[in-house]
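Here is how the chains run, residue by residue.
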Amino acid sequence: MPSLYSTKMSSKLTNVLSVVEQLEIQLPAGFAAMETQVAGHTFDAASLGLLQDNNGCVLKPLGKPECGERELNFYENLQLAEKSEDSNLLLPLRSFVPKYYKMVKLFVNNRQHTFLKMEDLTNGMRKPCIMDIKVGKRTWDPMASEQKRRVEEQKYLRCKQVLGLCVPGFQVYTYAVSKALRYSKEYGKNLDVDGFRKTIALFLNAQNGEVFKPLVFEILKQLYSIRDWFKVQTIYNFYASSLLIVYDFDYMEKHLKQNETHTNNGISQIPNGNIQNNHSTHFNLEKCPEYSTSIVKWVKVKMIDFAHVFPTENQSLDTNYIFGLENLIMVFEELMER
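Only a predicted model underlies this, so the values are computations on that prediction, with no experimental measurement involved.

Colleague: Go over helix 8 (residues 213–230), please, and point to the residues and values.
Modeller: For helix 8, with 18 residues, the first-to-last C-alpha span of 25 Å sits near the 26 Å given by 1.5 Å per residue. The buried count for helix 8 comes to 15 of 18 residues, which makes it a mostly enclosed element.

Quick look at the structure:
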């Protein structure tokens, strides 16, 4: 497995903008390739990647017709949540996904394509650290062919089958270098369980036992809220869906510099932390009010990728997603105990 602590680029992921230049992709005025895209289809001769505009929005191409239709229906159903008989479950779900605005059609290379226009979760961040984590041991949906199922079962095998988690890509800023380090799916494919834990620590700049606990705490808060929803929702099964974790390293860096004389080696500590790894405990938020103020704006955990969302059978819980989510929470809880 590649060294987790190297300051050199260990990924084969090509900068999206460079790909656009090489292929001479013609984009409408006011749009550019999404510079911070870390996973999913990128620009090449056969596919489109994410676009961004000048107003803090991301445009995601719909992709294959059947997949694009499912994802579009998912977002449009959320827009109409107030009118749904399941409004008590759909309305909370809105807060866990990026804001969806509308479907738009743009000409790229003189050909019309359909995009979903959504909020850019990194908008306003100076040094956005971004990780895409696919959730669930099973990543093929009920419509998948036998061949597709076999292929999916072999992807990210050592990590996905044990934790129900895999990392298709991420980028992170560190104290050592000024540019973001980017890691692709090739890196993620080599991860085992221990490698996944170390990768989370790398992403949080916590490799040497030093943990910026307000950051981990805020991520956990948002993960707990998503888990609470999954423990009661029986509407959807989410296959091949991801959690996108985003934080601004610039905020973290400035916060530590401002408080380095008041903390233990510049690392904030939680008073009376009492977390337990039993997959049911929450941190006592009332004991840590300082962790829920200014940092909230610069940390986001959102569910993304809904091309393989299907209605549940027999109104059952999505145990496949819950399994991966519980293990992800456990990894972050372990960091809080350091």
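Still to come is the rest of the account.
Colleague: Break down the packing of aromatic side chains for me, with residues and values.
Modeller: Under the defined criterion, the tally for this structure stands at 21 aromatic pairs. Ring geometry for F74 versus Y75: centroids 5.8 Å apart, planes at 80°, classification edge-to-face. Looking at F74, the relative accessible area reads 3%, which means it is buried. What makes Y75 buried here is its relative accessible area of 2%. Residues F230 and Y321 carry aromatic rings whose centres are separated by 4.2 Å and whose planes lie at 5° to one another, so their mutual orientation is stacked. Highlighted residues: F230 in helix 8 and Y321 in helix 10 (residues 319–336), separated in sequence by 91 residues. Exposure class is identical for F230 and Y321. Each is buried. Among the aromatic residues, those joined into a ring-pair cluster are F74, Y75, F96, Y100, W229, F230, Y236, F238, F306 and Y321.

Colleague: Run through the sheet that holds strand 2 (residues 51–52), naming residues and quoting values.
Modeller: Reading across the sheet, the five strands line up as 1-2-3-5-4 and stay open at both edges, with antiparallel pairing between neighbours. Across the chains shown, the open sheet's two edge strands, defined by having one partner strand only, are strand 1 (32–33) and strand 4 (100–108). The sheet contact formed by strand 1 and strand 2 spans two bridges and is antiparallel. The residue bridging A32 from the neighbouring strand is Q52, located in strand 2. Here helix 2 (residues 65–79) sits on the sheet and contacts strand 3 (57–61), strand 4 and strand 5 (111–119); the angle it forms with strand 4, its principal contact strand, is near 145°.

Colleague: Please set out the side chain of Q37 residue by residue, giving values where relevant.
Modeller: Considering the arrangement of structural elements, one finds Q37 in the loop between strand 1 and strand 2. Taking the relative accessible area as the measure of exposure, Q37 reaches 4% and is therefore buried. At 3.0 Å, the side chain of Q37 forms a polar contact with the backbone nitrogen of L50.

Procedures and definitions
- Residues numbered from 1 in each chain as written.
- Predicted model: local features only at pLDDT ≥ 70, side-chain atom pairs only at ≥ 80, totals over all residues.
- Heavy atoms only, no water.
- Helix = DSSP H or I, 4+ residues; strand = E, 2+ residues; numbered from the N terminus.
- Expected span 1.5 Å × (residues − 1).
- Buried < 20%, exposed > 50% of the residue type's maximum accessible area, 1.4 Å probe, protein only.
- Phe/Tyr/Trp six-rings, centres within 6.5 Å; stacked < 30°, edge-to-face > 60°.
- Pairing = 2+ DSSP bridges.
- Contact = heavy atoms within 4.5 Å.
- Axes fitted to C-alpha atoms, helices over the stretch in contact; angles between N-to-C directions.
- Polar contact = N/O pair within 3.5 Å; in protein donor to acceptor, adjacent residues only side chain to side chain.

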